[in-house]
Amino acid sequence: MTIKLVLDGNQLPGSELRLSVNYSIESDDLSGQGSSTTDAETGDKAQIVRVRVLIPHAKPEDLKTIRDLAGQRDEDGSRHVFTIVNETTEAMSIRQVKFNAEFLVKEDDAKKAWWVNFILKEHRSVAEKVQEQQDLSEKKEVEQTTPSATEVDQEKIQQLSTVEQWLQQGENWFTDEN
């Protein structure tokens, strides 16, 4: 079976494609200078896809195609987000990626080819989407428990009414004595 990598509907050229995924589970050590194993979870980070492919010297246009993909920008100047199709990335729930960090081309004289190595970083990861949903839920809860401006105004009116009533009672007491 041949491994395939497709970005935005275009199959990556070359042969001997190798792909690996790094799923980083971050935490901070809370032990200080002690020997405790306590740590604090700092969240799941975007997954990193490392790609290696062989491009023959006879096909320099394939090398240029990959380089052009790596440098592709959107209208706003940001790196282009690619839809990725590959068995491994699908199994890891990676749907969108951006070229990131490094793009390395190494000559292999024995094979008369270039080894092209690059990194793709997950865009809008599952963890990021889950975090956004949690933040949205928390925001809705805060909005529901925070009184609206009209509720605050009504409360002030009631408070003023109570004070006014008290003053009225005091005024009545003074006027009744006379």
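Refer to the structure above for everything that follows.
Residues take numbers from 1 onward in each chain, read along the sequence in its written order. This being a predicted model, a pLDDT of at least 70 is required before a residue's local features are given, and a value of 80 or more before pairs of side-chain atoms are given or counted; all residues contribute to the totals for chains, interfaces and linings. Side-chain numbers come from the whole structure's heavy atoms, not from hydrogens or water.

1. A short note on unusual backbone geometry
Alright, step 1. Residues other than glycine seldom take positive phi values, yet Ser 93 does so here, at roughly 60 degrees.
Alright, step 2. Only runs of H or I of at least four residues qualify as helices and only runs of E of at least two qualify as strands under DSSP, and these elements are numbered from the N terminus. Structurally, the position occupied by Ser 93 is in the loop between α2 (87–91) and β8 (96–108).
Alright, step 3. Note on exposure labels: buried denotes an accessible area under 20% of the residue type's maximum, exposed denotes more than 50%, and partly exposed covers the range between, all computed with a 1.4 Å probe on protein chains only. Residue Ser 93 is classed as partly exposed on the basis of its relative accessible area of 31%.
Alright, step 4. You will see that Ala 101, though not glycine, has its phi angle at about 70 degrees, which is positive.
Alright, step 5. Tracing the backbone shows Ala 101 in strand β8.
Alright, step 6. For Ala 101, a relative accessible area of 72% puts it in the exposed group.

2. Here we look at the sheet that holds strand β3 (residues 15–22)
Alright, step 1. Read from one edge to the other, the open sheet built from seven strands follows the order β2-β1-β7-β8-β9-β6-β3, with strand pairing classed as antiparallel. The open sheet has two edge strands with one neighbour each: β2 (10–11) and β3.
Alright, step 2. Two strands are counted as paired when DSSP detects at least two bridges linking them. Summarising the sheet, strand β1 (residues 6–7) and strand β7 (residues 82–85) pair through two bridges and their orientation is antiparallel. Bridge pairing links Leu 7 to Ile 84 in β7.
Alright, step 3. Two residues form a contact once any of their heavy atoms are found within 4.5 Å. The angle between two axes is taken between their N-to-C directions and runs from 0 to 180 degrees, where each axis is a line fitted to C-alpha atoms and a helix contributes only its stretch in contact. Here helix α1 (residues 60–71) sits on the sheet and contacts β1, β6 (48–56), β7, β8 and β9 (113–122); the angle it forms with β8, its principal contact strand, is near 145 degrees.

3. Thoughts on the nonpolar core
Soluble globular proteins tend to pack their nonpolar side chains together in the buried interior.
Alright, step 1. Think of a nonpolar core as a cluster: buried Ala, Val, Leu, Ile, Met, Phe, Trp, Tyr and Cys residues, connected wherever their side-chain atoms sit within 4.5 Å. Among the nonpolar cores identified, the biggest contains 22 residues, and Leu 7, Leu 12, Val 51, Phe 99, Val 116, Phe 118 and Leu 120 are the most heavily contacted of them.
Alright, step 2. At the level of secondary structure, the elements contributing two or more residues to this core comprise β3, β6, α1, β7, β8 and β9.
Alright, step 3. Leaving out residues up to four positions away in the same chain, Phe 99 has contacts with Leu 7, Leu 69, Ala 70, Arg 79, Phe 82, Phe 118, Ile 119 and Leu 120.

4. Some thoughts on a nonpolar patch on the surface
Alright, step 1. The patches reported here contain residues having more than 30% relative accessible area and no salt bridge. Joining distances are 9 Å for like charges and 5 Å for nonpolar side chains (Val, Leu, Ile, Met, Phe, Trp, Tyr). Accessible surface area values rest on a Shrake-Rupley calculation with a 1.4 Å probe, where residue burial reflects the displayed protein chains alone. Salt bridge, as used here, is a side-chain nitrogen of Lys or Arg placed within 4 Å of a carboxyl oxygen of Asp or Glu. A surface patch of nonpolar side chains, about 300 Å² in accessible area, is lined by Tyr 23, Ile 25 and Met 92.
Alright, step 2. Checked against the element boundaries, Met 92 lands in the loop between α2 and β8.

5. Notes on the environment of Arg 52
Alright, step 1. Take Arg 52: it is sitting in strand β6.
Alright, step 2. With 34 residues separating them along the chain, Arg 52 and Arg 18 place their C-alpha atoms 5.1 Å apart.
Alright, step 3. In this view, Arg 52 contacts Glu 16, Leu 17, Arg 18, Trp 115, Val 116 and Asn 117; residues no more than four positions away in its chain are not counted.

6. Quick word on the side chain of Asp 62
Alright, step 1. Structurally, Asp 62 is set in helix α1.
Alright, step 2. Lys 59 is the oppositely charged side chain nearest to the buried, salt-bridge-free Asp 62, at an N-O distance of 4.5 Å.
Alright, step 3. With residues up to four places along the chain from it excluded, the contact list for Asp 62 reads Pro 13 and Ile 55. For this count, His and the chain ends are skipped, Lys and Arg are scored as positive, and Asp and Glu as negative.

7. A look at the environment of Ile 48
Alright, step 1. By the element assignment, Ile 48 lies in strand β6.
Alright, step 2. Separated by 72 residues in sequence, Ile 48 and Leu 120 have C-alpha atoms that sit 5.9 Å apart.
Alright, step 3. With sequence-adjacent residues up to four places away left out, Ile 48 is seen in contact with Ser 20, Val 21, Asn 22, Ile 119, Leu 120 and Lys 121.

8. Some details on the packing of aromatic side chains
Alright, step 1. Centre distance within 6.5 Å is the pairing criterion for rings of Phe, Tyr and Trp, where only the six-membered ring of Trp is used; planes under 30 degrees apart are then read as stacked, over 60 as edge-to-face, and the remainder as tilted. Across all of its chains, the model carries three aromatic pairs by this definition.
Alright, step 2. Ring plane angle 40 degrees and centroid distance 5.0 Å describe the contact between Phe 99 and Phe 118, whose orientation is recorded as tilted. Linking Phe 99 in strand β8 with Phe 118 in strand β9, this pair joins segments that are 19 residues apart in sequence.
Alright, step 3. Residue Phe 99 is classed as buried on the basis of its relative accessible area, which comes to 6%.
Alright, step 4. Taken together through their ring pairs, the aromatic side chains of Phe 82, Phe 99, Phe 103 and Phe 118 make up a single cluster.
Alright, step 5. Positioned above the aromatic ring of Trp 115, the side-chain terminus of Arg 52 is 3.7 Å from the ring centre. The rule is short: NZ of Lys or CZ of Arg within 6 Å of the ring centre and within 35 degrees of the ring normal puts a charge over the ring.

By themselves these figures say nothing about function.
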